[in-house]
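Residue strings, one per chain:
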Amino acid sequence: QVQLVESGGGSVQSGGSLRLSCVVSGYTSWPYFMGWFRQAPGKEHEGVGCIDRYDRATYAESVKGRFTISQDKNKNMVYLLMNSLKPEDTAMYYCAASSWDSAWLLPQAYGNWGQGTQVTVSS
């Protein structure tokens, strides 16, 4: 129903910045929550940040102060600006959408996922 396509991943040095983009299509109403999740090799999906339809954002403690999630509904876009990147940020990053008002950073609450974009941070 909702289609998501991520872009903007790449390889950067520690301390660098990267902005991920997610194109949202196929929706009848904008999702209640848009979220960014990441998965490192051998790890479970981890919630990075989410933003609700009223532009209220929530972040994982590990990225708070470094990452910023935003959305532009008129452009059908969701963004994740990542500053001060660390090697531990290395992961596949996914954009996800949820219609539930209690989704927050819970991967199981999101029903629509993009294919992911790889972020690699070298030391």
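What this report covers is the structure whose coordinates are included nearby. (Residues numbered from 1 in each chain as written. Predicted model: local features only at pLDDT ≥ 70, side-chain atom pairs only at ≥ 80, totals over all residues. Heavy atoms only, no water.)

Description of the pairing of strand E11 (residues 117-122)
Then comes step 1: Only one face of E11 is buried, namely the one carrying Thr117, Val119 and Val121, since none of Gln118, Thr120 and Ser122 on the opposite face is buried.
Then comes step 2: Examined bridge by bridge, strand E2 (residues 10-13) and E11 share four bridges and lie parallel to one another. Each bridged residue has a counterpart across the sheet, and for Ser11 the counterpart in E11 is Thr120.
Then comes step 3: Sheet topology note: the strand E9 (residues 91-98)/E11 ladder contains three bridges and is antiparallel. Paired with Tyr93 across the strands is Thr117, a residue of E11. (Buried < 20%, exposed > 50% of the residue type's maximum accessible area, 1.4 Å probe, protein only. Helix = DSSP H or I, 4+ residues; strand = E, 2+ residues; numbered from the N terminus. Pairing = 2+ DSSP bridges.)

Observations concerning the packing of aromatic side chains
Then comes step 1: Taken as a whole, this structure holds eight aromatic pairs when the rule is applied.
Then comes step 2: Relative to Tyr110, the ring of Phe37 lies with its centre 4.8 Å away and its plane at 75 degrees, an arrangement referred to as edge-to-face. Of this pair, Phe37 sits in strand E4 (residues 33-39) while Tyr110 is found in the loop between E9 and strand E10 (112-113), placing the two residues 73 residues apart along the sequence.
Then comes step 3: For the pair Tyr110 and Trp113, a centre-to-centre distance of 6.4 Å together with 65 degrees between the ring planes defines the contact as edge-to-face.
Then comes step 4: Residue classification places Tyr110 among the buried residues on the basis of a relative accessible area of 5%.
Then comes step 5: Judged by relative accessible area, which is 29%, Trp113 ranks as partly exposed.
Then comes step 6: Put simply, the rings of Tyr32, Phe33, Tyr54 and Trp104 touch in pairs and so form one group of aromatic residues. (Phe/Tyr/Trp six-rings, centres within 6.5 Å; stacked < 30°, edge-to-face > 60°.)

Examining the pattern of salt bridges
Then comes step 1: All chains considered together, the criterion is met by five salt bridges.
Then comes step 2: The shortest N-O distance in the salt bridge between Arg38 and Glu46 comes to 2.8 Å.
Then comes step 3: The partly exposed category is assigned to Glu46, whose relative accessible area is 32%.
Then comes step 4: For Lys64, the salt bridge is made with Glu61, and the minimal N-O distance between the two is 3.0 Å. (Salt bridge = Lys/Arg side-chain N within 4 Å of Asp/Glu carboxyl O.)

Everything listed here is a matter of geometry and, on its own, says nothing about what the molecule does.
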